[in-house]
Amino acid sequence: MVGSEKKSLVFAYYVTGHGFGHATRVVEVVRHLIQAGHEVHVVTGAPDYVYTTEIQLPRLFIRKVLLDCGAVQADALTVDRLASLEKYIQTAVLPRDSILATEVEWLKSIKADLVVSDVVPVACRAAADAGIRAVCCTNFSWDFIYADYVMAAGYHNRSIIWQIAEDYSHCEFVIRLPGYCPMPAFRDVIDVPLVVRRLHKTREQVRKELGILDSQKVLIYNFGGQPAGWKLKKEYLPEGWICLVCGASEDHEVPSNFVKLPKDFYTPDAIAASDVMLGKIGYGTTSEALAYKVPLVFVRRDYFNEEPFLRNMIEHYQAGVEMIRRDLLIGHWAPYIQRAVALKPSYDGGVNGGEVAARLLQDTALGQYHASHGLSGARRLRDAIVLGYQLQRIIGKDIAIPAWYSLAQNELSSRTQLPNKEVVDNSSLTKENDYFAILHGDHQGLPDTLGFLKSLAEIQSSCSPQNNNKFQTREHLAAAAMFNWEEEIFLSRAPGRLDVMGGIADYSGSLVLQMPTREACHVAIQRNHPSKQKLWKHAQARQPKDGCTAVLQIVSFGSELGNRGPTFDMDLSDFVEDGQPITYEKAYNYFARDPAQKWAAYVAGTILVLMTELGIRFEDSISILVSSGVPEGKGVSSSAAVEVASMTAVAAAHGLNIDPRHLALLCQKVENHIVGAPCGVMDQMASTCGEADKLLAMVCQPAEVLGLVDIPPTVRFWGIDSGIRHSVGGSDYKSVRVGAFMGRKIIKSAASVELRSSLSNISSAQQINGFNPDEADEDSKDLLEMEASLDYLCNLSPHRYEASYATRLPESLSGQEFVEKYLDHDDSVTKIDKERNYAVRAPTRHPIYENFRVKAFKALLSAAPSNDQLSALGELMYQCHFSYSACGLGSNGTDRLVSLVQEMQHSKSSKSEGGTLYGAKITGGGSGGTVCVVGRNCLRSNEQLIEIQQRYKSATGFLPYVFEGSSPGAAKFGHLQIRLRS
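Residues numbered from 1 in each chain as written. Predicted model: local features only at pLDDT ≥ 70, side-chain atom pairs only at ≥ 80, totals over all residues. Heavy atoms only, no water.

Considerations on the overall build of the protein chain
Part 1: In terms of helices and strands, the protein chain carries 35 helices and 30 strands.
Part 2: By residue count, 61% of the 982 residues in the protein chain fall in the buried class.
Part 3: For the protein chain, the proportion of contacts with a sequence separation of at least 24, taken over those separated by at least 6, is 73%.
Part 4: When the accessible area of the protein chain is evaluated, it comes to approximately 36700 Å², of which 50% is carbon and sulfur surface. (Helix = DSSP H or I, 4+ residues; strand = E, 2+ residues; numbered from the N terminus. Buried < 20%, exposed > 50% of the residue type's maximum accessible area, 1.4 Å probe, protein only. Contact = heavy atoms within 4.5 Å. Areas by Shrake-Rupley, 256 points an atom, 1.4 Å probe, with all protein chains shown as cover.)

Here it is as structure tokens:
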């Protein structure tokens, strides 16, 4: 663009307040715009030197204004989700009107030809109000990042996401950088190469300036200027290495083999002069590591959804090695550095994204139009991404995914769940069993189990020198390296569950009806003497020099599609303190300290529960592979499937015979106390005790199985995924549970007062009139005694609730008011936040009526087949769905799906055919997830479900997955014991 003869233009360039990374890439675009003779006004909160050290021209104007805040970080790796939303509210939401007025006036005053945003939402709206075109330039947008935070903060914050999406929709298009996240709020996209800052000095010049010998290896320690407080020690580095430290404070002391770089040292030059970089994943770090072919040893940040996309890109180009946070902090760096320095980064794409982006901006400012689609981004986002949409684990989402990311997605699908309607050739899968001899158990011809056996065979064959497959995921490599393939391996399988009726009423003692899903989790486990276990290199580094200690190693397939670590390892001695198992509270804190590896609590937690509850001692090392086809966040008990499959496998490998009901209750302890999710027990019971094509009937007091209910041949159940992520650990689920237990405490208190008054009246009447209480008085007393000691809300009948207690319950109550009057709500797995206001009446009413609805539903299933039977089943489901919404556990996506079922049910075509679909309801913990549908078991019902899929996609941009079919629970499946054939 240098020497452009076009007229001089004025650009207003807004830069987000999140760190310096955005500012540094903006510098490269701005530099090209100014070189072309244009004037650029940068609106930023970053220090001036970030721009002026690179651009020393008079056409750059810096305006110090902060219009958003990004993510609030306690340190370089820790994001505070609640604080992030709160700060955004204070920075951008409350003063929004004044911000818009000020920015519109300013844009007009500088006579801006184009507004550019990276990626400040309100800048797009201000441009529209000022009548100026706007373009964004970014690899992610804040709606996608904040959507995850809403899950933690509660849906009362969802308007923030809607507003951000609407602001972005005023942008004509987005200049999309490599490593991008889904950004459906934008109308159109134009992809550009990497935006990378140019180098000022050669590698040789930098090393000479810093006094680095040619023979020395250099690590650059680059955490975005936030490493203060992390103590560095000489022994962290391999022999002969030195480390350049970026962003260190003046009082930060470092060992002799660490060198603090001056604050004004040009970081790209230092990176290019290094052999390996250690840092977090951000766009600037990733792009410069790829451009300069410097391997990156990275440590994950928690709760930042940009990261999985950048991580997959850098690993695709063989330029990344992941270090777990624990090893960063304790100094086990050497194995990772040595692995990284052996890499040969292969990125050969363009690095002139700054120049390309600048030309696009210039052309747009001169009147060229690039947008091609109508204004639909905000609506699509509201339905498909808002309220916790994150990376999905199934194919079918309508978002643009780069080729390198699709590889990972396709790889996962090939070894976990099977796409809808796919006909599986079992004979081809069975051939893979020639690799393994099945010493115990039966795979029962289940396609996913045969597929898992095939995956194990592929993993084992990857160890062979004859294997020519160059592309291996980290999960494959880690799994191949931890099993002794000549020894026995145990396999377990546990399905998810479709919540047909009962749902959140389980923790209030309701009857529930649950159906195991076709989708399931598989676990492969092997135990070995510590001296014989194959350990990963960083785990070997922890071993004592004078012997071996038992180690737990876990690999989780599918981590590449979510922001979690693919592997986890720990010394089993970490679970022991003073000869006894550590407390559940300590275990919770142990896993919570690194959110990228918190998932391991579901698996490793089963071992601690067996130690604590059954007194089991684990002396051998354990290797575990987890591969789940149960999609996460859909309300179909993905977590219970992992827990049940893990505990079943651990029990099988160690010769433990645990009753299925007892095993489910033990798994609930894992989720309640170690994971920290306040779920009931129905999920674990259904995954353990369910059977294919039957409903498990259970009274959750705490877990009394009534038996299996046959599904009539004329009736069928399906699940439809809304695409909105659900979490029983989310604040809305917890607050509803707290509200229900508050309601129970208020009812018990009211009944106690009534009972004392009744006894007093009876005593007075006896003294005055000398008569004995009649039978009615005794019955009334017995009833009040039962209600005064009410152990489960569902033991209170609807008519008693309406007659005696409904009007006594407040609609809502603050935690402070409740505690002052009632002290505690008597729930061991939730805590009352005194600063929070809780709904009480609706959460209390729901389980009382839901228990009645489930009993009626169960009775109807045994009735004679008829349209009336189906209509009544559907009506009960609808009532349940709207009761969830009254509790605050609804969502836009699930409401839309239920409405589509209703429209289909009442359409003329359905009526003329005698009806096909009859009802639907939200499932599980609510707030998104899956909708359960009941209908006639016929081909036309399936056709209507496909039509609902397509209509939902047209409205939201998301093609929902349909759960259909069933499979045996973990107890019915048992376990397999296999050995590699010689």
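Next comes the rest of the account.
Topic: unusual backbone geometry
Part 1: The residue after Asp-118, namely Val-119, is reached through a cis peptide bond having omega -15°.
Part 2: Mapped onto the fold, Val-119 is located in the loop between strand E4 (114-118) and helix H5 (121-130).
Part 3: In this structure, the amide linkage connecting Gln-701 to the following residue, Pro-702, adopts the cis form with an omega of -5°.
Part 4: With respect to the helices and strands, the residue Pro-702 is situated in the loop between strand E22 (694-699) and strand E23 (704-710).
Part 5: Phi at Gln-318 takes a positive value of approximately 55°, unusual for a residue other than glycine.
Part 6: Here Gln-318 shows up in the loop between helix H11 (307-316) and strand E13 (320-322).
Part 7: Classification of Gln-318 by relative accessible area gives partly exposed; the value is 45%.
Part 8: Despite not being glycine, Leu-823 shows a phi value in the positive range, around 70°.
Part 9: Assignment of secondary structure puts Leu-823 in the loop between helix H29 (815-822) and strand E26 (837-839).

Examining the environment of Gly-739
Part 1: Note on placement: Gly-739 falls in helix H26 (residues 731-769).
Part 2: On a C-alpha basis, the gap between Gly-739 and Arg-841 in space is 7.7 Å, while along the polypeptide they are 102 residues apart.
Part 3: When neighbours within four sequence positions are excluded, Gly-739 is seen to be in contact with Ala-839, Val-840, Pro-843 and Thr-844.

What to know about the sheet that holds strand E8 (residues 217-222)
Part 1: One open sheet holds the six strands; their spatial order is E10-E9-E8-E11-E12-E13, and the pairing between them is parallel. For this open sheet the edge positions go to strand E10 (258-260) and E13, each flanked by a neighbour on one side alone. Averaged over all pairs of adjacent strands, the angle between their axes in this sheet comes to 25°, without regard to strand direction.
Part 2: Packed onto the sheet, helix H10 (residues 283-291) meets E8, strand E11 (276-280) and strand E12 (296-299) and runs at close to 165° relative to E11. (Pairing = 2+ DSSP bridges. Axes fitted to C-alpha atoms, helices over the stretch in contact; angles between N-to-C directions.)

What about the sheet that holds strand E3 (residues 60-64)?
Part 1: One open sheet accounts for seven strands, arranged E3-E2-E1-E4-E5-E6-E7; its pairing is parallel. For this open sheet the edge positions go to E3 and strand E7 (189-191), each flanked by a neighbour on one side alone. If you compare each strand with its neighbour and ignore which way they point, the axes differ by 20° on average.
Part 2: Where helix H1 (residues 21-35) meets the sheet, it contacts strand E1 (10-15), strand E2 (39-44), E3, E4 and strand E5 (134-138), and its direction lies at approximately 175° from that of E1.

Quick notes on the nonpolar core
Part 1: Counting 62 residues, the largest nonpolar core has Phe-11, Tyr-13, Val-30, Tyr-51, Ile-175 and Leu-361 as its most contacted members.
Part 2: The element that contributes the greatest number of residues to this core is H1, accounting for seven residues.
Part 3: Residues within four places of Leu-361 in sequence aside, it is in contact with Phe-11, Tyr-13, Val-29, Leu-33, Leu-114, Val-116, Val-135 and Ile-175. (Core = buried A, V, L, I, M, F, W, Y, C linked by side-chain atoms within 4.5 Å.)

Structural notes on the environment of Asn-589
Part 1: Tracing the backbone through its elements, the reader meets Asn-589 in helix H21 (residues 584-592).
Part 2: Between the C-alpha atoms of Asn-589 and Gly-676, which are 87 residues apart in sequence, the distance is 9.8 Å.

So, the packing of aromatic side chains
Part 1: As enumerated under the stated definition, the model contains 21 aromatic pairs in all.
Part 2: Ring plane angle 50° and centroid distance 5.0 Å describe the contact between Tyr-236 and Trp-333, whose orientation is recorded as tilted. Taken as a pair, Tyr-236 in the loop between E8 and strand E9 (241-245) and Trp-333 in the loop between helix H12 (325-330) and helix H13 (334-341) lie far apart in primary sequence, 97 residues in all.
Part 3: Residue classification places Trp-333 among the buried positions, given a relative accessible area of 0%.
Part 4: Aromatic pair Phe-717 and Phe-857: ring centres 6.2 Å apart, planes at 35°, arrangement tilted. With Phe-717 in strand E24 (residues 715-721) and Phe-857 in helix H30 (residues 841-861), the pair connects residues that are 140 residues apart, well separated along the chain. Phe-857 shares its class with Phe-717; the two are buried.
Part 5: Here a set of aromatic residues connected by ring pairs shows up, and it is made of Tyr-88, Phe-140, Trp-142, Tyr-146 and Tyr-149.
Part 6: One cation-aromatic arrangement involves Arg-593 over Tyr-590; the distance from NZ or CZ to the ring centre is 4.3 Å. (Phe/Tyr/Trp six-rings, centres within 6.5 Å; stacked < 30°, edge-to-face > 60°. Lys NZ or Arg CZ within 6 Å of the ring centre and 35° of its normal.)

Digging into the side chain of His-654
Part 1: On the secondary structure map, His-654 appears in the loop between helix H23 (638-653) and helix H24 (660-675).
Part 2: In this structure the side chain of His-654 is engaged in a polar contact, spanning 2.9 Å, whose partner is the backbone oxygen of Val-650.
Part 3: Discounting residues that sit within four places of it in the chain, His-654 has contacts with Arg-527, Phe-618 and Ile-622. (Polar contact = N/O pair within 3.5 Å; in protein donor to acceptor, adjacent residues only side chain to side chain.)

Considerations on helix H34 (residues 939-956)
Part 1: The end-to-end C-alpha separation of H34 is 26 Å, in line with the 26 Å expected for 18 residues at 1.5 Å each.
Part 2: Of the positions making up H34, those classed as buried are Ser-941, Asn-942, Gln-944, Leu-945, Ile-948, Gln-949, Tyr-952, Ala-955 and Thr-956. Looking straight down H34, one finds its buried side chains confined to an arc of 160°; they lie on one side. Exposed positions of H34 whose direction lies more than 90 degrees from the buried face are Leu-939 and Ser-954. (Expected span 1.5 Å × (residues − 1). Arc of directions from axis to C-beta.)

Focus: the pairing of strand E6 (residues 173-176)
Part 1: Residue alternation in E6 divides its side chains into two sets, Phe-173 and Ile-175 and Val-174 and Arg-176, and both sets are buried.
Part 2: Where E6 lies against E7, three bridges are found, and the strand directions are parallel. Along E7, the bridge assignment pairs Arg-176 with Asp-191.

Here's the deal with the state of the cysteines
Part 1: Under the criterion given, the structure shown has zero disulfides.
Part 2: The closest cysteine sulfur to the non-disulfide-bonded Cys-171 is located on Cys-136, 3.8 Å from its own sulfur.
Part 3: The class of Cys-171 is buried, set by a relative accessible area of 0%.
Part 4: Looking at Cys-700, it has no disulfide partner, and the nearest cysteine sulfur is the one in Cys-794, 8.4 Å off. (Disulfide = S-S within 2.5 Å.)

A word on the pattern of salt bridges
Part 1: With the rule as written, the count across this model stands at 44 salt bridges.
Part 2: Salt-bridge contacts for Arg-31 lead to Glu-54; the nearest nitrogen and oxygen are separated by 3.7 Å. Of the two residues, Arg-31 is situated in helix H1 and Glu-54 in the loop between helix H2 (49-52) and E3; the sequence distance between them amounts to 23 residues. Summarising the burial analysis for this pair, Arg-31 and Glu-54 share the class buried.
Part 3: One salt bridge connects Asp-782 with Lys-781, and the closest N-O pair in it is separated by 3.9 Å.
Part 4: Judged by its relative accessible area of 17%, Lys-781 is buried. (Salt bridge = Lys/Arg side-chain N within 4 Å of Asp/Glu carboxyl O.)

A word on the environment of Asp-659
Part 1: Within the secondary structure layout, Asp-659 lies in the loop between H23 and H24.
Part 2: Since its relative accessible area comes to 46%, Asp-659 is described here as partly exposed.
Part 3: Along the sequence, Asp-659 and Ala-971 sit 312 residues apart, while their C-alpha atoms lie 8.8 Å from each other.
Part 4: Engagement of the side chain of Asp-659 in a polar contact is seen with the backbone nitrogen of Arg-661, the distance being 3.0 Å.

What about the packing of H1 against helix H14 (residues 353-365)?
Part 1: Between H1 and H14, the shortest axis-to-axis distance is 8 Å and the interhelical angle comes to 55°. It follows that H1 is oblique to H14 by the angle criterion. Crossing of H1 against H14: the hand is right-handed. Where H1 abuts H14, its residues Glu-28, Val-29, His-32 and Leu-33 lie against Gly-354, Glu-355, Ala-357, Ala-358 and Leu-361.
Part 2: Split by residue class, the contact of H1 with H14 holds five nonpolar, two polar and two charged. (Parallel < 35°, antiparallel > 145°, perpendicular 65-115°, else oblique. Left-handed = near helix turned anticlockwise from the far one by under 90°. Nonpolar A, V, L, I, M, F, W, Y, C, P; charged D, E, K, R; others polar.)

Digging into H21
Part 1: Of the positions making up H21, those classed as buried are Tyr-584, Ala-587, Tyr-590 and Phe-591. For H21, the angular spread of the buried residues around the axis is 115°, confining them to a single face.
Part 2: Considering only its buried residues, H21 is in contact with H12, strand E18 (567-571), helix H22 (601-614) and H24.

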